[in-house]
Amino acid sequence: MNALNVKQIEEIIPHRHPFLLLDGIEDYVPGEYAIGYKCVTFREDFFAGHFPQEPVMPGVLIVEALAQAGAVAILSMPENAGKIAYFGGVDNCRFKGKVVPGDKLRLETRIIRQKGPVGIGEAKAFVGDRLVVKAELTFAVGKG
């Protein structure tokens, strides 16, 4: 297994606090997949407004965290070092459950197709064994 801490993730993808939504990568294979996690705490800035009476992690941020995991898989390939993976689209996205403070969000993105700089990742987010989000993410690799 290939694990990465936050500093190692920052060497691969350009995201930084407060927008880096990965706390670690448990395993990855360049060009194939990445499995990461986000420890969701009450101190996240977005909880101040989403929603003060019932804090819920915004779904779009879960999708972004999945995209960042996919970016680790794509940008860890030697030929993509120093490049950026841009969002090209989100398809078949389904939200199946809430993510709240105290949850450990497991983020799995598998690259299922790639042709040139464009590809698709199959992405799933879990809290424990419970699927909370699934989507197909289209990306395009560009110069950094």
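In what follows, the accompanying structure is described. Just so it is clear, the model here is predicted, and its values are computed rather than measured. (Residues numbered from 1 in each chain as written. Predicted model: local features only at pLDDT ≥ 70, side-chain atom pairs only at ≥ 80, totals over all residues. Heavy atoms only, no water.)

Let's talk about the pattern of salt bridges
Considering all chains together, one arrives at five salt bridges under this definition. One salt bridge in this structure joins arginine 106 and glutamate 26, with 2.7 Å as the shortest N-O distance. Linking arginine 106 in strand S4 (residues 104-115) with glutamate 26 in strand S1 (residues 24-29), this pair joins segments that are 80 residues apart in sequence. The exposure class of arginine 106 is partly exposed, given its relative accessible area of 29%. One network of salt bridges, in which partners are shared, links Glu26, Arg106 and Glu108. (Salt bridge = Lys/Arg side-chain N within 4 Å of Asp/Glu carboxyl O. Helix = DSSP H or I, 4+ residues; strand = E, 2+ residues; numbered from the N terminus. Buried < 20%, exposed > 50% of the residue type's maximum accessible area, 1.4 Å probe, protein only.)

Details of the nonpolar core
The biggest cluster of nonpolar side chains holds 39 residues, and the ones touching the most others in it are Ile13, Leu22, Met57, Val72 and Leu105. Examining the composition of this core, we find that eleven residues originate from one element, helix H2 (residues 59-75), more than from any other. Among all residues touching methionine 57, those that are not within four sequence positions of it are Val40, Phe46, Phe47, His50, Ile62, Val99 and Leu105. (Core = buried A, V, L, I, M, F, W, Y, C linked by side-chain atoms within 4.5 Å. Contact = heavy atoms within 4.5 Å.)

Notes on the packing of aromatic side chains
If you walk through the whole model with that rule in mind, you get two aromatic pairs. For the ring pair phenylalanine 42 and phenylalanine 47, a centre distance of 6.5 Å and an interplane angle of 15° mean the geometry is stacked. Take phenylalanine 47: its relative accessible area is 4%, and that puts it in the buried class. Through pairs of rings, three or more aromatic residues link up here, namely Phe42, Phe46 and Phe47. Of note, lysine 104 hangs over the ring of tyrosine 37, and the distance from its end group to the ring centre comes to 4.4 Å. (Phe/Tyr/Trp six-rings, centres within 6.5 Å; stacked < 30°, edge-to-face > 60°. Lys NZ or Arg CZ within 6 Å of the ring centre and 35° of its normal.)

What to know about the environment of aspartate 23
Its location among the elements puts aspartate 23 in the loop between helix H1 (6-12) and S1. Take aspartate 23: its relative accessible area is 29%, and that puts it in the partly exposed class. Along the primary structure aspartate 23 and asparagine 5 are separated by 18 residues, whereas in three dimensions their C-alpha atoms are 7.0 Å apart. Setting aside its immediate chain neighbours within four residues, aspartate 23 contacts Val6, Tyr37, Lys38 and Cys39. A polar contact of 2.6 Å, which involves the side chain of aspartate 23, links it to the backbone nitrogen of cysteine 39. (Polar contact = N/O pair within 3.5 Å; in protein donor to acceptor, adjacent residues only side chain to side chain.)

Remarks on the sheet that holds strand S2 (residues 33-39)
Strand order in the open sheet formed by six strands is S1-S2-S4-S5-S6-S3, with antiparallel pairing between adjacent strands. Each end of this open sheet is capped by a strand with a single partner; those strands are S1 and strand S3 (84-95). Direction aside, the axes of adjacent strands within the sheet are offset by 20° on average. The sheet contact formed by S4 and strand S5 (residues 118-127) spans ten bridges and is antiparallel. Bridged to isoleucine 111 within S5 is glycine 121. Along the sheet, H2 makes contact with S1, S2, S3, S4, S5 and strand S6 (130-142), crossing S4 at roughly 55°. (Pairing = 2+ DSSP bridges. Axes fitted to C-alpha atoms, helices over the stretch in contact; angles between N-to-C directions.)

Things to note about the side chain of glutamate 64
Within the secondary structure, glutamate 64 sits in helix H2. Leaving out residues up to four positions away in the same chain, glutamate 64 has contacts with His15, Phe19, Leu21 and Phe87.

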